[in-house]
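Residue strings, one per chain:
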Amino acid sequence: MPSRVDATGTGEQGRSFDPEASVRLQSAVLGTSYGFALSLLAATVVAVWVAYDEGKAVERFFFLFGGFVAVLVAPLLGKSCSTQMTVRILGGAAALVGAFASAIYLAQSLGTGSQAWDFAAGWGLSANPNLIAQLLAMTAPVLGAVLWIPWTQKRRGSTLLVGGLLMLSLTTLTLTGSRGAFLGVGAIGAAFGYFRLRGVLKRRFQSSRWLWLLDGAALLSVAGAALVYVVIVASPRLDAQLGIQDASALSRLDLWRSSLPLIADYYFTGSGLGAAVMVYATYAYLLHVPYLYHAHNLYLHLALEQGVVALLAWLGLVVATAVYAVGALRIAKRPIRVFLIGGLAGLGAFLVHSLFEAELFYSALAAFVFFTPTLLLWGASTAYEVAVEGIQPVHFSSASLAGGLVFGLATPFLLAALMSGGEARWEANLGAVLQTQVELGTYQRPPWSFQDEVRRRLRAELTPAQLHFEAALALNPSQPTAHRRLGAIALAQGAFERAKTHLLAAYASAPYDRATRQMLGEIYALEGDVDAAMQMWQGLDFSQGQLMVRQWWYQALGEPEQVERLNNAIRAYQRLQ
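Engineer: Go over the overall build of the protein chain, please, and point to the residues and values.
Structural biologist: Counting its secondary structure elements, the protein chain contains 26 helices and two strands. Looking at the 577 residues of the protein chain, the share that counts as buried comes to 51%. For the protein chain, the proportion of contacts with a sequence separation of at least 24, taken over those separated by at least 6, is 74%. Of the roughly 25900 Å² of accessible surface on the protein chain, 64% is carried by carbon and sulfur atoms.

Engineer: Which residues make up the pattern of salt bridges, and what are the values?
Structural biologist: All told, the structure shown has twelve salt bridges when counted by the stated rule. Ionic pairing is found between Lys79 and Glu385, a salt bridge with its closest N-O pair at 3.8 Å. Here Glu385 lies in helix 16 (residues 371–387) and Lys79 lies in helix 3 (residues 54–79), a separation of 306 residues in the sequence. A salt bridge links Arg484 to Asp513, with the nearest nitrogen and oxygen atoms 3.3 Å apart. In this pair, Arg484 sits in helix 21 (residues 480–492) while Asp513 sits in the loop between helix 22 (496–509) and helix 23 (514–526), placing the two residues 29 residues apart along the sequence. Connected through shared salt-bridge partners, Asp265, Arg484, Arg485 and Asp513 make up one network.

Engineer: I'd like a description of helix 20 (residues 459–475), backed by residues and values.
Structural biologist: Helix length check: helix 20, at 17 residues, gives a terminal C-alpha distance of 24 Å against a target of 24 Å (1.5 Å per residue), a fit within 8%. A maximum bend of about 30° is found in helix 20 at Ala465.

Engineer: How would you summarise the packing of helix 18 (residues 423–442) against helix 21 if you had to cite specific residues and measurements?
Structural biologist: Two elements in contact, helix 18 and helix 21, have axes separated by 9 Å at closest approach and are oriented at 30°. By the criterion of interaxial angle, the relationship of helix 18 to helix 21 is roughly parallel. Like other packed secondary-structure pairs, helix 18 and helix 21 cross with a definite hand, here left-handed. Contacts between helix 18 and helix 21 pair Ala428, Ala432, Gln435, Thr436 and Glu439 from the former with Thr481, Arg485 and Ile489 from the latter.

Engineer: Would you mind going over the nonpolar core in detail, with residue names and values included?
Structural biologist: Within the largest apolar cluster, 119 residues are counted, with the highest numbers of intra-cluster contacts made by Tyr280, Trp314 and Phe370. Among the elements that line this core, the one with the most residues is helix 13 (residues 298–329), at 20 residues. The residues touching Phe370, leaving out its near neighbours within four places in the chain, are Leu40, Leu64, Gly67, Phe68, Val71, Trp314 and Leu317.

Engineer: Please give an account of the environment of Ala424 that cites residues and values.
Structural biologist: Locating Ala424 in the fold gives a position in helix 18. Distance from Ala424 to Ala482, taken between C-alpha atoms, is 9.1 Å for residues 58 residues apart in sequence.

Engineer: Could you give an account of helix 25 (residues 546–557), with specific residues and numbers?
Structural biologist: The first and last C-alpha atoms of helix 25 sit 17 Å apart over twelve residues, in line with the 16 Å expected at 1.5 Å per residue. The set of residues buried in helix 25 consists of Gln546, Leu547, Val549, Arg550, Gln551, Trp553 and Tyr554. On its buried face, helix 25 sits against helix 19 (451–457), helix 21, helix 22, helix 23, helix 24 (530–537) and helix 26 (560–575). Positive phi appears at Gly558, one or two residues downstream of helix 25, with a value of about 75°.

Engineer: Go over the side chain of Thr83, please, and point to the residues and values.
Structural biologist: Summarising the element assignment, Thr83 is placed in helix 4 (residues 83–109). Apart from residues no more than four positions distant in its own chain, Thr83 is found in contact with Pro335, Ile336, Thr382 and Val386.

Engineer: Let's hear about a nonpolar patch on the surface: which residues, and what values?
Structural biologist: Together, Val58, Phe62, Phe65, Val69, Val73 and Leu77 make up a nonpolar patch on the protein surface, roughly 450 Å² of accessible area in all. Topologically, Val58 is positioned in helix 3.

Engineer: So what's going on with the packing of aromatic side chains? Residues and values would help.
Structural biologist: The final tally for this structure, using the stated rule, is 19 aromatic pairs. Residues Phe61 and Phe65 carry aromatic rings whose centres are separated by 5.7 Å and whose planes lie at 35° to one another, so their mutual orientation is tilted. One end of the pair, Phe61, and the other, Phe65, are both in helix 3, four residues apart, so they sit about a helical turn from each other. When its relative accessible area of 14% is taken as the criterion, Phe61 is described as buried. Ring geometry for Phe268 against Trp426: centres 5.4 Å apart, planes inclined by 75°, an arrangement best described as edge-to-face. Here Trp426 lies in helix 18 and Phe268 lies in the loop between helix 11 (247–265) and helix 12 (276–284), a separation of 158 residues in the sequence. Among the aromatic residues, those joined into a cluster by ring pairs are Phe61, Phe62 and Phe65.

Engineer: Any details on the side chain of Ser420? Residues and values, ideally.
Structural biologist: Here Ser420 is to be found in the loop between helix 17 (398–419) and helix 18. A distance of 3.3 Å separates the side chain of Ser420 from the backbone nitrogen of Gly422, its partner in a polar contact. Apart from residues no more than four positions distant in its own chain, Ser420 is found in contact with Tyr267, Phe268 and Arg425.

Engineer: Can you lay out unusual backbone geometry for me, pointing to particular residues and giving the numbers?
Structural biologist: Going from Arg445 to Pro446, the amide bond is cis rather than trans, its omega being -25°. Residue Pro447 follows Pro446 across a cis peptide bond; omega there is 15°. Relative to the elements of secondary structure, Pro447 occurs in the loop between helix 18 and helix 19. Phi angles above zero are rare outside glycine, and Leu286 is one such case at about 55°. Looking at where Leu286 falls in the secondary structure, it is placed in the loop between helix 12 and helix 13. Phi at His296 takes a positive value of approximately 55°, unusual for a residue other than glycine. Mapping His296 onto the fold places it in the loop between helix 12 and helix 13.

Rules and cut-offs
Residues numbered from 1 in each chain as written. Predicted model: local features only at pLDDT ≥ 70, side-chain atom pairs only at ≥ 80, totals over all residues. Heavy atoms only, no water. Helix = DSSP H or I, 4+ residues; strand = E, 2+ residues; numbered from the N terminus. Buried < 20%, exposed > 50% of the residue type's maximum accessible area, 1.4 Å probe, protein only. Contact = heavy atoms within 4.5 Å. Areas by Shrake-Rupley, 256 points an atom, 1.4 Å probe, with all protein chains shown as cover. Salt bridge = Lys/Arg side-chain N within 4 Å of Asp/Glu carboxyl O. Expected span 1.5 Å × (residues − 1). Bend = angle between axes of the 7 residues up to and from the residue. Axes fitted to C-alpha atoms, helices over the stretch in contact; angles between N-to-C directions. Parallel < 35°, antiparallel > 145°, perpendicular 65-115°, else oblique. Left-handed = near helix turned anticlockwise from the far one by under 90°. Core = buried A, V, L, I, M, F, W, Y, C linked by side-chain atoms within 4.5 Å. Patch = residues over 30% accessible without salt bridge, like charges linked within 9 Å, V, L, I, M, F, W, Y side chains within 5 Å. Phe/Tyr/Trp six-rings, centres within 6.5 Å; stacked < 30°, edge-to-face > 60°. Polar contact = N/O pair within 3.5 Å; in protein donor to acceptor, adjacent residues only side chain to side chain.

In short, shape yes, function no, at least from these values alone.
Structural data, given as structure tokens:
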């Protein structure tokens, strides 16, 4: 039997391929996908372990666990299914998800279907437009691919059914008004147009010059869009220059910017599954009650609750899955090829939308963030199996699979360590976790009125966290997490000079950190330096009553002089607004 086989009958593209090399390559990529999935699972387990609320963390873990199982089992199921069965099962799953989400949203919007709504709410599916939009943005392209199959085969009944479900999904998606979803679908439409144009140019022109120009323009467009996004998030000074005045946009930007210091605080371990709401309130917005439940950005939320390792593992899983699917496109029969293209489009739309939303990941349906990776792993495995059917027995290459597995497992941890900046961040991370466990694990309303009470009364319990912060500063004297956290503890305990020293150091390292600026402005106000306090508070959003809470705190302490000084600064600040 020749080692090189003409794949015209299977791939319909006239290309030849080496089955043995194909098995080794697909095994390596699949092993890498498994490795990234397992490293993400390991990071998730750590996030359960460090969480201050174990019950909530375990609940969130089980919301996600089904997604991990689906990703790991999908390639095995794909290899045991025919093309027709794969398309029917996965297309049917996409249709059910889209139809159910659409029905629930439309019923709730029209004020009907209360029984269906109550049932869905019990399972965590709310009519939140962003959650519905995330589900529909990733399933609609799959339905579009499924529609193409009966359309070309002239199966009228199936075409009408799938076409009706697709129209229902698109109509509902439009009604949600989710700009992030529209942007995701638009980006996928632009990508489709690019590949179509590229195919036309390739057929009509012998020279590759036009292809190089088109590819270069596409690459620059993607890189430019990514750069603009990152620069806008990282640079508050650009808001006025770019004319960003929309309240919703400014709110999201402020949230994303406030997320970055917290991600640095819990860099390796994350703050814990289900912990984001009170972590935001306590350590970013300096509130004592829940305010924001998630980051409205899947990547930031993942990094905050599960650590940078989890974010790198998720990105690695997405890339490895896409590579696995793209490899299958070369040899797949047309129906499964079209289906895989739909899956890649759904994944792309979800990834773009996730830059602006994390509602699905935060919900009880969190496992559905793995929907498109599962679909692609299953569909691609079917394509690989069918492509070499009748040529030779198909087995996973154990060595390649193991090599990819080790690579996927190790890479997120190694990259996170290399980007961490050294041992000081690890010490600061440990201190932040211990502080969070003591403070948020103790604080309840009632009987506690202020979190500063916890910091005053549980001094001994906070000592281990402070020792880790001190160790971080011994390794890196400018470590911002350690300075900010020590400053906050000192401020609550009334050690104003020590608090000021730490907060000034934190401000020097991270001048845009919201919490640092609010606390430092408070110290200036207590010193009677109104101008310095106003300068430090300039541009901060106090609409949630942060300054009023601080007034109440000093009133509860019985410090009328401090209350008066703080009031003077607050009144002066409010006159400028």
